[in-house]
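# Reading the structure
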Amino acid sequence: MKIETIIPQPVIRTERFDLRPLRCSDADLIERHTSDERLARMTTAIPHPLPPGTSEAFVARAMARDRPSDVWAMDGTKSGGAEVMGVVSLAKLDRNQSEVGYWVAPAYWNTGLASDAVKALVNANPLGSETMFASVFQDNPASARVLIHCGFEYLGDAESFCVARDEAVPTWTYSCRLKR
């Protein structure tokens, strides 16, 4: 019998919002935000149009004991914002590395929210990673600026499949070495 230890996700506090683990009640706001084609087209995995049940399944995976990555909601209720303004995730990779993913609801684009969320996640380093990676579509330079602002350095070009676009899209890959 193999006993697996699940590390609980911490709440990561910032001045404007908290990064907190997802809960079932987040599914409706996540669906509202991810149904926006502008957002879906900037991610690899969000389809457009969004099939029924997609958000509930996403939340269920994020809450599962065997979850593939830790996922936090950008919860702005402490400063009068929405319960879900965006999502940031951290997937554990081999060799003490992890991969950051994030999206911000279009209503909060160009507000510094993504930079604050990624910076808080990097500073907290909840998986104790030595290196974090992230990639962004090359037609999303604002997301690249978020990573650079948070201490990530450009590694190279690649491509990833975008479900919403139904095609491979050129990407930029970044890494951030972390102090332990």
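Structure: see above.
We now turn to the structure provided with this report. Keep in mind that this is a model prediction, so the values were computed, not measured.

### A few points about the pairing of strand 2 (residues 18-21)
Bridge count between strand 1 (residues 12-13) and strand 2: two bridges; the pairing is antiparallel. Note that in strand 2 the partner of Arg 13 across the bridge is Asp 18. Between strand 1 and strand 2, which follow one another and run antiparallel, lie four residues. Where strand 2 and strand 3 (residues 70-75) come together, four bridges link them in antiparallel fashion. Counterpart to Arg 20 in the pairing with strand 3 is Ala 73.

### Structural notes on the pairing of strand 5 (residues 97-104)
By the criterion of burial, strand 5 is predominantly enclosed, with six of the eight residues buried. Relative to strand 5, strand 4 (residues 86-93) runs antiparallel, the two being bridged by eight bridges. Each residue of the ladder has a partner; that of Val 87, found in strand 5, is Trp 103. From the end of strand 4 to the start of strand 5, which pair antiparallel, there are three residues, and Arg 95 there has a positive phi angle of about 55°. Viewed along the sheet, the connection from strand 5 through helix 4 (residues 113-124) into strand 6 (residues 131-137) turns out right-handed.

### Some remarks on the nonpolar core
Counting residues in each nonpolar core, the largest one holds 30 residues, and the members touching the most others are Leu 19, Met 74, Val 100, Tyr 102, Val 118 and Phe 152. Of all the elements in the fold, those that place two or more residues in this core are strand 3, strand 4, strand 5, helix 4, strand 6, helix 5 (141-149) and strand 8 (167-177). Broken down by element, the residue count for this core peaks at seven residues, all from helix 4. Not counting chain neighbours up to four residues away, the residues in contact with Leu 19 comprise Pro 10, Val 11, Ile 12, Trp 72, Ala 73, Met 74, Val 88, Ala 117, Ala 120 and Leu 121.

### Structural notes on helix 5
Listed as buried for helix 5 are Ser 143, Ala 144, Val 146 and Leu 147. In an axial view of helix 5, the angular spread of the buried residues amounts to 150°, which keeps them on one side of the axis. Next to the buried residues of helix 5 lie strand 5, helix 4, strand 6 and strand 8. Gly 151, located one to two residues past helix 5, shows a positive phi value of around 95°.

### Some words on the state of the cysteines
This structure, assessed with the given rule, holds zero disulfides. Cys 176 provides the cysteine sulfur closest to Cys 150, a residue in no disulfide bond, and the two sulfurs are 8.3 Å apart.

Reading the values: rules and limits
- Residues numbered from 1 in each chain as written.
- Predicted model: local features only at pLDDT ≥ 70, side-chain atom pairs only at ≥ 80, totals over all residues.
- Heavy atoms only, no water.
- Pairing = 2+ DSSP bridges.
- Helix = DSSP H or I, 4+ residues; strand = E, 2+ residues; numbered from the N terminus.
- Buried < 20%, exposed > 50% of the residue type's maximum accessible area, 1.4 Å probe, protein only.
- Right-handed = clockwise from strand over helix to strand, strands pointing away.
- Core = buried A, V, L, I, M, F, W, Y, C linked by side-chain atoms within 4.5 Å.
- Contact = heavy atoms within 4.5 Å.
- Arc of directions from axis to C-beta.
- Disulfide = S-S within 2.5 Å.

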